Amino acid sequence: MLVRLKTRTFRRAAIFAVGFSISATILDPVDVRADGSLDSIKVLQKLTSGDDSTQAASKAITQLSKASDVTLIQSLTAMKGATPVGRNWLSGLANSLYRKSGKSQTAELTKFMEDASQDGEARYLVFQWLTTNNALLRKELLAKMNQDSSPELRFLAIDEAMKVKLENKDLSVLLDAARHPSQVVSIIEKLKELGVTIDQSKQLGFLPDWRLIGPFDNVGTVNFDKAFQVETDWARGATKDEYQGKTEAVTWKPHTTAAPDGVVDLAELYNKEKGCIIYAAAEFDSEKDQDAEIRLGCINGNKIWVNGKLVISNEVYHTGTQIDQYAEPIRLKAGKNQILVKVCQNEQKEQWAQDYKFQVRICDATGKAILTEGR
Amino acid sequence: MRLNMHKFYKSSWFAFGLTVATLSQQMTAKADWPMFRGPNAGSVGIDSKLPTKFGGEAKENIAWRTELPGRSVGGVIVVGDQAITTSSSGMDQRRLHLISVNSKDGTIRWQQEFVARGRPFCHPTSANAAPTPASDGKHVFAFYSSNDIACVDLEGNLVWYRSLSTDFPKAGNDVGMSSSPVVLDGVCVVQIECQGDSFAAGLNAEDGKVLWKLDRPKQANWSSPTIVKMLDGQQVIVMQSSEDLLAVEPKSGKILWKKELRCSTIPSSFAAEGKLFVPAGGLTAFDLSSVGTGPSKLWDNNKLSSNACSPLVVGKNVYTISRTVLACGDLFSGESKWQTRLADAKSIWSSPVVAANNLYVFSDDGRCFVVELGDKEGKVVATNELGEAVLGSPAVSGNAMYVRGVSSLWKIAEK
């Protein structure tokens, strides 16, 4: 009997060990002791999109909601390394578990929230639980978080810090910490009130220097996907000085925007031309090979290529714009990187549909500016 | 043997208890105001009596007010004793909240929270939490401008979640989306119309599977799908756009009929008295008794137009709001009867509701105009101030009105 029991225990342990090692890269450091729950959490962590994935997750969360061996901390810990969709499922599970037992786990939750190695979204969730109806605690915690690894917690902390009057030195610290453009702009405005001028365009990493060519034809809004010769020539690194435009020959024109938000106003530069396309080329000199993001704000149809690769494409006209409206990861190579922006205007006549402009910046994944060499 | 019988009795009682509990739950879970504009999208609180005067400095007839995280321009639904609404908060309004409030005392019963995986951007006056949630009395479906959709049970436990922008990456509109979902025959229907991935879809209420998907015109559209009961008793989903008006079978997505029609893209359609009222060319009425290729047109009247609010019917009249003008027409002939300007009203985005022949409409500065509806005139009998912006449509349940302000939820009832 004893042998039999031990064998069973060994088998379970072995199965658990195998299962754990298979999933260790995703699950670590979750310690879920029941195989069923372990499998269910794995399903939630890996979720992407589509019907099969959703149905599998629906079954998994039903299993987890019935399991007695899944703890709140485990569900939060599992968010680390999970897919974005998976994190939302795990957040749903965590919220339910918090209602059942969370209020008796303040110490564990505080420890989790203060552990910067845990998933930022999970820590933000816990921060809210801990500070709802406790303004004093909220203030105390945020006072230490303006350099937090979680962009959301950092954003809250800077918002909180900005509620009081600050001196130059404090504002400079916040400016260094801030990543969201709205906060960067607010801090720069406050510094300006104190007599300190900051180059906002440089602080955010906007590209000010462009070469523009156009207009090319987009009457009927039909040429978003048409590769004009200038586009194909640029892709092979051999552009000419002059091309046939919409109505006449057009040439490259250098343009440097002085706008603090990096906006290049094509409507102003091209006499409010409608039904047209302008190309804008820029060069970015990177000090090293590095990961980065290219971020675009544009109220018109747009495409961006970096070093010949299409990275952004949106056939959308006049439905709002803002800094960082579109963001995509790119790989910068050491030295010169070539950027081409295609901006398409349609022919809408409404007063609110006349803007024709774009703004591009280069930054790291957190939003901190990466500047071209020499700037 | 005795033990087995005991087990049998126990399991029988257990089963009986479970049945009673299930029935009881279904009965108590009856959705009083289950989706945008309430039962049948009628916007009318049947047999409800609401105070005409409320709010102000005296907080007259305010049963409770509960502050909620973030902001919302959507509405509120009532399911049993829960008033349920959504919020969006945090950086770029990426935090998505679904909140149930006890209708009796305003305490928060449960909350769920997610992070937007689609585009969270919108006009500064709007919010990611713009669509009104929906319920089938068993589930609650929370939908957001970012095209994230979550289904929870009535205790707030997650049943399923989908990021429709992960499935369809070009779905979205950076002015903000606002079409509210509806649920019918076990299918949650969403209408996501924009210049990118533009579609309507029916999702299985139980597990979120996309049962059907219809390509839609690639134009921005903020109107909501509507449940319409045809005269043969069949319930269908009606959707409108700047190009068409169509009815689909909820389980299959089969198009039952389709008309080319330039409909408004903000206010939504609804059916009453065997007619379908569509904000198009002002207001256009269709006869639901004529099916086949689609209902035939009865009348239209460009003086009964709606810029944002959805129209409604009370008695023999149809009512519309354009900017700040409330207009009344005969629902049979379409002839205009009267119109009245809501003096000093600012922008009105919140679709009105009616209780006991009084129409309640909020302007976006939080003032509620109470209009006594008559055949000859509409008389403003009270103007009430909440002191908080209101852009979502209220819910009426029992003798109470639930109002979703931008940052809080209010219950208004006679004290």
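Residues numbered from 1 in each chain as written. Chains lettered and ligands numbered in written order. Predicted model: local features only at pLDDT ≥ 70, side-chain atom pairs only at ≥ 80, totals over all residues. Heavy atoms only, no water.

**Topic: the overall build of chain B**
Across its full length, chain B carries two helices and 34 strands. For 415 residues, the compact-globule estimate of 2.2 N^0.38 gives 22 Å, and the C-alpha radius of gyration of chain B, at 21 Å, lies within 12% of that figure. Reported as C-alpha extents along the three principal axes, the dimensions of chain B are approximately 80 × 55 × 45 Å. Of the contacts made within chain B by residues no fewer than 6 positions apart, 53% connect residues no fewer than 24 positions apart. Looking at chain B as shown, the accessible area adds up to about 16,000 Å², and 51% of this sits on carbon and sulfur atoms. Across chain B, the 43 positively charged side chains and the 40 negatively charged ones have centroids separated by 2 Å. (Helix = DSSP H or I, 4+ residues; strand = E, 2+ residues; numbered from the N terminus. Rg over C-alpha atoms; globule rule 2.2 N^0.38 Å. Contact = heavy atoms within 4.5 Å. Areas by Shrake-Rupley, 256 points an atom, 1.4 Å probe, with all protein chains shown as cover. Lys, Arg positive; Asp, Glu negative; His and termini not counted. Charge placed at Lys NZ, Arg CZ, Asp CG, Glu CD.)

**Quick notes on the overall build of chain A**
Within chain A, the regular secondary structure consists of 14 helices and 12 strands. Counting only C-alpha atoms, chain A reaches 95 × 50 × 45 Å along its principal axes. Residues counted as buried form 50% of the 375 residues belonging to chain A. The long-range fraction of contacts in chain A, counting pairs at least 24 apart against all pairs at least 6 apart in sequence, stands at 70%. The centroid of the 49 positive side-chain charges in chain A is displaced by 7 Å from the centroid of its 49 negative side-chain charges. (Buried < 20%, exposed > 50% of the residue type's maximum accessible area, 1.4 Å probe, protein only.)

**Looking at the side chain of Ser242 of chain B**
Turning to its location among the elements, Ser242 of chain B is positioned in the loop between strand 17 (235–240) and strand 18 (244–248). Apart from the residues lying within four places of it in its own chain, the contact partners of Ser242 of chain B are Gln219, Leu261, Arg262, Cys263 and Thr265 of chain B.

**Let's talk about the environment of Glu268 of chain A**
Residue and element names in this part refer to chain A. Tracing the backbone through its elements, the reader meets Glu268 in helix 14 (residues 266–269). Overall, Glu268 belongs to the exposed group, its relative accessible area being 65%. For the pair Glu268 and Asp324, spaced 56 residues apart in sequence, the C-alpha to C-alpha distance is 22 Å.

**Quick notes on the side chain of Lys411 of chain B**
By the secondary structure assignment, Lys411 of chain B is in strand 34 (residues 408–413). No salt bridge is formed by the buried Lys411 of chain B, whose closest oppositely charged neighbour, Asp105 of chain B, lies at an N-O distance of 8.6 Å. (Salt bridge = Lys/Arg side-chain N within 4 Å of Asp/Glu carboxyl O.)

**Structural notes on the packing of helix 10 (residues 168–177) of chain A against helix 11 (residues 181–193) of chain A**
All names here are of chain A. Two numbers describe how helix 10 lies on helix 11: the axes approach to 10 Å, and their chain directions differ by 160°. Regarding the angle of helix 10 to helix 11, the classification is roughly antiparallel. Of the two possible hands of crossing, helix 10 and helix 11 adopt the one that is left-handed. Each of Asn168, Leu171, Ser172, Leu174 and Leu175 in helix 10 lies in contact with helix 11, whose residues at this interface are Val184, Ile187, Ile188, Lys190 and Leu191. Tallied by class, residues from the contact of helix 10 with helix 11 come to seven nonpolar, two polar and one charged. (Axes fitted to C-alpha atoms, helices over the stretch in contact; angles between N-to-C directions. Parallel < 35°, antiparallel > 145°, perpendicular 65-115°, else oblique. Left-handed = near helix turned anticlockwise from the far one by under 90°. Nonpolar A, V, L, I, M, F, W, Y, C, P; charged D, E, K, R; others polar.)

**Focus: the packing of helix 6 (residues 106–114) of chain A against helix 7 (residues 120–131) of chain A**
Residues and elements named next belong to chain A. The geometry of helix 6 relative to helix 7 is characterised by a closest axis approach of 9 Å and an angle of 140° between their N-to-C directions. Between helix 6 and helix 7, the crossing angle belongs to the class labelled oblique. Crossing angle aside, the handedness with which helix 6 passes helix 7 is left-handed. Across the interface between the two elements, Thr106, Leu109, Thr110, Phe112 and Met113 from helix 6 touch Ala122, Arg123, Val126, Phe127, Trp129 and Leu130 from helix 7. Classifying every residue of the contact of helix 6 with helix 7 by side-chain character gives eight nonpolar, two polar and one charged.

**Points about the interface of chain B and chain A**
Each partner contributes residues to the interface: chain B has 37 residues there, and chain A has 37 residues. Both faces considered, chain B and chain A share a buried interface measuring about 3,100 Å² in area, 46% of it formed by carbon and sulfur atoms. In this structure, the connection of chain B to chain A is made through 29 residue pairs in polar contact (both at pLDDT 80 or more). Only strand 6 (95–102), strand 7 (108–115), strand 11 (158–163) and helix 2 (164–167) of chain B provide two or more residues apiece to the side of chain B that touches chain A. For the side of chain B that touches chain A, the element with the highest residue contribution is strand 7 of chain B, accounting for seven residues. Classifying every residue of the side of chain B that touches chain A gives 11 nonpolar, 11 polar and 15 charged. (Buried area = accessible area lost by both parts, 1.4 Å probe. Polar contact = N/O pair within 3.5 Å; in protein donor to acceptor, adjacent residues only side chain to side chain.)

**Remarks on the sheet that holds strand 9 (residues 139–143) of chain B**
Read across the sheet, four strands follow the order 8-9-10-11 (chain B) without closing on themselves; strand pairing throughout is antiparallel. Bordering the open sheet on either side are strand 8 (134–135) and strand 11 of chain B, each of which pairs with just one other strand. Both strand 9 of chain B and strand 10 (residues 148–153) of chain B contribute to a ladder of five bridges, which runs antiparallel. Considered in strand 10 of chain B, the bridge of His139 of chain B is made with Asp153 of chain B. Helix 5 (residues 84–101) of chain A rests against strand 10 and strand 11 of chain B of the sheet, and its axis sits at about 155° to strand 11 of chain B. (Pairing = 2+ DSSP bridges.)

**Here we look at unusual backbone geometry**
Residue Pro215 of chain A is bonded to the preceding Gly214 of chain A through a cis peptide linkage, with omega at 0°. Here Pro215 of chain A shows up in strand 1 (residues 209–217). Positive phi values are uncommon outside glycine, yet Asp185 of chain B reaches one of about 55°. Secondary-structure assignment places Asp185 of chain B in the loop between strand 12 (182–184) and strand 13 (187–192). Residue Asn357 of chain B is not a glycine yet carries a positive backbone phi of 65°. By the element assignment, Asn357 of chain B lies in the loop between strand 28 (353–355) and strand 29 (358–362).

**Focus on the nonpolar core**
Counting residues in each nonpolar core, the largest one holds 88 residues, and the members touching the most others are Leu76, Trp89 and Trp129 of chain A. Built from parts of two domains, this core gets at least three residues from each of domain 1 (2–104) and domain 2 (136–203) of chain A. Sequence-distant contacts of Trp89 of chain A, that is, excluding residues within four places in its chain, are made with Leu44, Leu47, Thr54, Ala57, Ser58 and Ile61 of chain A together with Leu158, Val159, Trp160 and Tyr161 of chain B. Among the nonpolar cores identified, the runner-up in size contains 32 residues, and Trp210, Val264, Ile304 and Tyr326 of chain A belong to it. (Core = buried A, V, L, I, M, F, W, Y, C linked by side-chain atoms within 4.5 Å. Domains from an automatic or database assignment.)

**A look at the pairing of strand 34 of chain B**
Residues and elements named next belong to chain B. Taken across its six residues, strand 34 has six buried, putting it largely inside the fold. Burial along strand 34 is two-sided: the face carrying Ser408, Trp410 and Ile412 and the face carrying Leu409, Lys411 and Ala413 are both buried. Across five bridges, the pairing between strand 3 (residues 62–67) and strand 34 is antiparallel. What sits directly across from Trp64, in strand 34, is Lys411.

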